[in-house]
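The chain contents come next:
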Amino acid sequence: MSLSDEAAAIDWWGLLTSRDFLQNPYPALHRIREQRTVHFDTASGIYFVLGHEEFSRILKAPEMGRDTRLWRGGWYEESYRQNDPVGYRLFGDFQPQMINANPPDHGRMRGVYEPAFRAQAMTALEVMIEAEAARLLDALPRGGTVNMIDGFAGPMPLRVLCNLFDMPQSMDETIARWSASLIRIGDILMTPEQKQEALNALTEFKDFLRGHIAERRKRPGESLMDMAIRAHDSGTTDEEETLTNLVSMLVAGHETTVTLVGNGLLLLLRHPDQMARLRADPALIRPALEEFMRCEPGGNMILRVAIEDYPVGDTIIPARSPVIGLIGATNRDPRRFERPDDFDVGRRPNAHLTFGGGVHVCIGAPLARLEGRIAFTSLLSRYPRMELAGEPEWRLDRLNARGLASLPVKLGEAA
């Protein structure tokens with residue numbers, strides 16, 4: 001059976017949008033990866049990659065980029081603009097940022113923010129993040145039941161990011177609403193209503209940021225917002241690049257940590273032996289964080305677009321073709337991980353691909369890891385006992401960002 005014939009048997013978008021897949025993608029991904037690690041979908045022209053080695057190579061290859069304007073038949077085509085003007089405007093307005101840029105523009109924009117995510121800068125944030133975690137935990141009911149997504153995993157990273165960008169706490173709910181609409185851009189497949197909602201959110205977010213930047217200029221400092229302002233004023237980035245990078249870092253930075261904390265806590269609650277092991281040896285927190293991200297990654301898909309023809313095994317990916325790495329499959333590839341479906345807080349090494357790789361590796365990964373370490377250290381030290389108080393609910397309104405809508409937890413008396 002040829003690559004095209006085999007892929008024709010898979011209804012990719014039916015699979016990726018199905019309730020069963022969104023709740024538990026791993027059985028289907030295992031079956032498909034066993035067929036082959038690279039699949040071509042004739043309906044969409046997308047190459048789906050499920051092998052760890054194959055996608056790791058793609059992430060690092062200079063022939064593979066992230067600029068979706070190169071996508072043959074994609075949103076940047078004139079026919080798309082005619083048929084879907086809302087989608088064309090949405091993707092166009094969201095385009096000018098480092099995540100969507102190939103070198104050298106990617107490095108030019110990324111270089112503005114990289115100093116904020118270096119080790120020394122992360123150390124300086126610990127006290128602030130610990131205070132935000134403690135404030136939220138103080139507000140939880142003592143010995144009661146709580147939805148830990150609403151009570152802790154969601155608001156903690158949002159407040160941390162808003163502190164970094166000098167956003168007032170009064171904006172938290174609005175920014176969370178914008179974020180929920182904009183995160184769906186990563187789904188690739190969006191309804192007309194979702195595109196319009198995301199476009200409205202993007203427009204409102206940028207308008208807010210213009211005013212916020214104008215106010216921030218009156219009292220300059222050393223925050224991430226100040227870095228963005230200096231880069232704009234020096235000509236390193238133009239206005240649209242400045243605004244869109246800020247939007248993207250706030251949205252992605254929020255969702256990355258929400259899913260890390262929520263998904264990781266669910267894993268511990270479902271594996272009490274591993275929770276007990278982590279409690280007994282707090283030094284395991286760093287490998288445990290990596291295992292949370294490997295076992296239940298906060299994203300189902302990572303997109304690349306070929307700049308040049310690129311060989312992957314016995315498949316040639318043609319220039320301008322889109323490639324989607326299915327991270328739930330790459331992170332559980334038995335060729336790379338022993339007992340890939342086992343959850344092991346001490347797993348080493350752990351070369352998961354949740355943060356991507358190559359030049360586009362997630363810029364905020366150090367912050368997500370720091371927030372995760374503080375969140376779990378705070379939770380485990382404060383609550384000697386935690387247990388599920390009902391069935392968790394996975395979010396079914398998004399295809400890519402994989403996280404929980406609710407995580408009901410019964411908390412023991414606080415220490």
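Refer to the preceding data block for the structure.
Described below are features of the structure shown in this document. (Residues numbered from 1 in each chain as written. Predicted model: local features only at pLDDT ≥ 70, side-chain atom pairs only at ≥ 80, totals over all residues. Heavy atoms only, no water.)

Thoughts on empty space enclosed by the protein
Heads up, the rule is: The distinction between a cavity and a pocket rests on a 1 Å grid over the protein atoms alone: a 1.4 Å probe fits inside a cavity but cannot get out, while a pocket stays open yet meets protein on both sides within 12 Å along at least five of seven lines, and a residue with an atom within 4 Å of a point counts as lining. Grid points are joined across faces, edges and corners, and a volume is the space filled by probe spheres set on the points. For this scheme, ten residues count as nonpolar: Ala, Val, Leu, Ile, Met, Phe, Trp, Tyr, Cys and Pro. Four count as charged, namely Asp, Glu, Lys and Arg, and the remainder, Gly too, count as polar.
Taken as a whole and assessed by the stated rule, the structure comprises one cavity of 30 Å³ or more. Considered as a void within the structure, the largest cavity measures approximately 40 Å³ in volume. Residue lining of the largest cavity: Leu22, Asn300, Trp394, Arg395, Arg398, Leu399, Ala401, Arg402 and Gly403, and that is the complete set. By residue class, the composition of the lining of the largest cavity is four nonpolar, two polar and three charged.

Some points on the environment of Ile316
Convention followed: Helix and strand labels come from DSSP, where a helix needs a run of H or I of at least four residues and a strand needs a run of E of at least two; each type is numbered from the N terminus. With a 1.4 Å probe rolled over the protein chains alone, any residue whose accessible area is under 20% of its type maximum counts as buried; one over 50% counts as exposed, and the rest are partly exposed. When checking whether two residues touch, look at their non-hydrogen atoms; a contact exists if any pair is within 4.5 Å.
Along the polypeptide, Ile316 turns up in strand E7 (residues 315–317). For Ile316, a relative accessible area of 51% translates into the label exposed. If sequence neighbours within four positions are ignored, Ile316 has contacts with Tyr47, Asp309, Tyr310 and Pro311.

Here we look at the state of the cysteines
Think of a disulfide as a covalent bridge from one cysteine sulfur atom to another cysteine sulfur atom. Defined as follows: A pair of cysteine sulfur atoms is labelled a disulfide when the two atoms are within 2.5 Å.
Tallied over the entire structure, the rule returns zero disulfides. Between Cys162, a free cysteine, and Cys362, which holds the nearest cysteine sulfur, the sulfur-to-sulfur gap is 17 Å.

Some details on the packing of aromatic side chains
As a reminder, the rule being used: The criterion for an aromatic pair is that two Phe, Tyr or Trp rings (for Trp, the six-membered ring) have centres within 6.5 Å, with stacked assigned to planes under 30 degrees apart, edge-to-face to planes over 60 apart and tilted to the rest. The rule is short: NZ of Lys or CZ of Arg within 6 Å of the ring centre and within 35 degrees of the ring normal puts a charge over the ring.
Summed over the entire model, instances satisfying the criterion amount to eleven aromatic pairs. Members of the aromatic cluster, joined through ring pairs, are Trp75, Tyr76, Tyr80, Tyr88 and Phe91. The lysine or arginine in question, Arg69, covers the ring of Tyr76, its NZ or CZ lying 6.0 Å from the ring centre. Between Arg294 and the ring centre of Phe337, over which it is positioned, the NZ or CZ distance is 5.2 Å.

Examining the nonpolar core
Basically, it comes down to this: Only buried residues count toward a nonpolar core, which is a set of Ala, Val, Leu, Ile, Met, Phe, Trp, Tyr and Cys residues joined through side-chain atoms within 4.5 Å.
Judged by nonpolar contacts, the single largest core of 95 residues is most densely connected at Tyr113, Met148, Phe152, Phe165 and Met386. Per-element tally for this core: the top contributor is helix H15 (residues 239–270), with 13 residues. Setting aside chain neighbours within four positions, we find Met148 in contact with Leu140, Ala153, Leu265, Leu379, Leu407, Val409 and Leu411. Of all hydrophobic cores here, the second largest spans 20 residues; its members include Trp13, Leu16, Leu22 and Leu50.

What about the layout of surface pockets?
Taking a probe equal in size to a water molecule and rolling it over the atoms shows the remaining empty space. In this structure, the second largest pocket spans a volume of roughly 400 Å³. Around the second largest pocket, the lining comprises 19 residues; the ones closest to its centre are Ile149, Asp150, Gly154, His254 and Arg395. Where the lining of the second largest pocket is concerned, the elements lending two or more residues are helix H10 (148–153), helix H11 (155–164), helix H12 (172–182), H15 and strand E11 (404–406). By residue number, the principal contributor to the lining of the second largest pocket is H12, which donates five residues. Here the lining of the second largest pocket is composed, by residue class, of eight nonpolar, five polar and six charged.

Shape is all these values report; function is a separate question.
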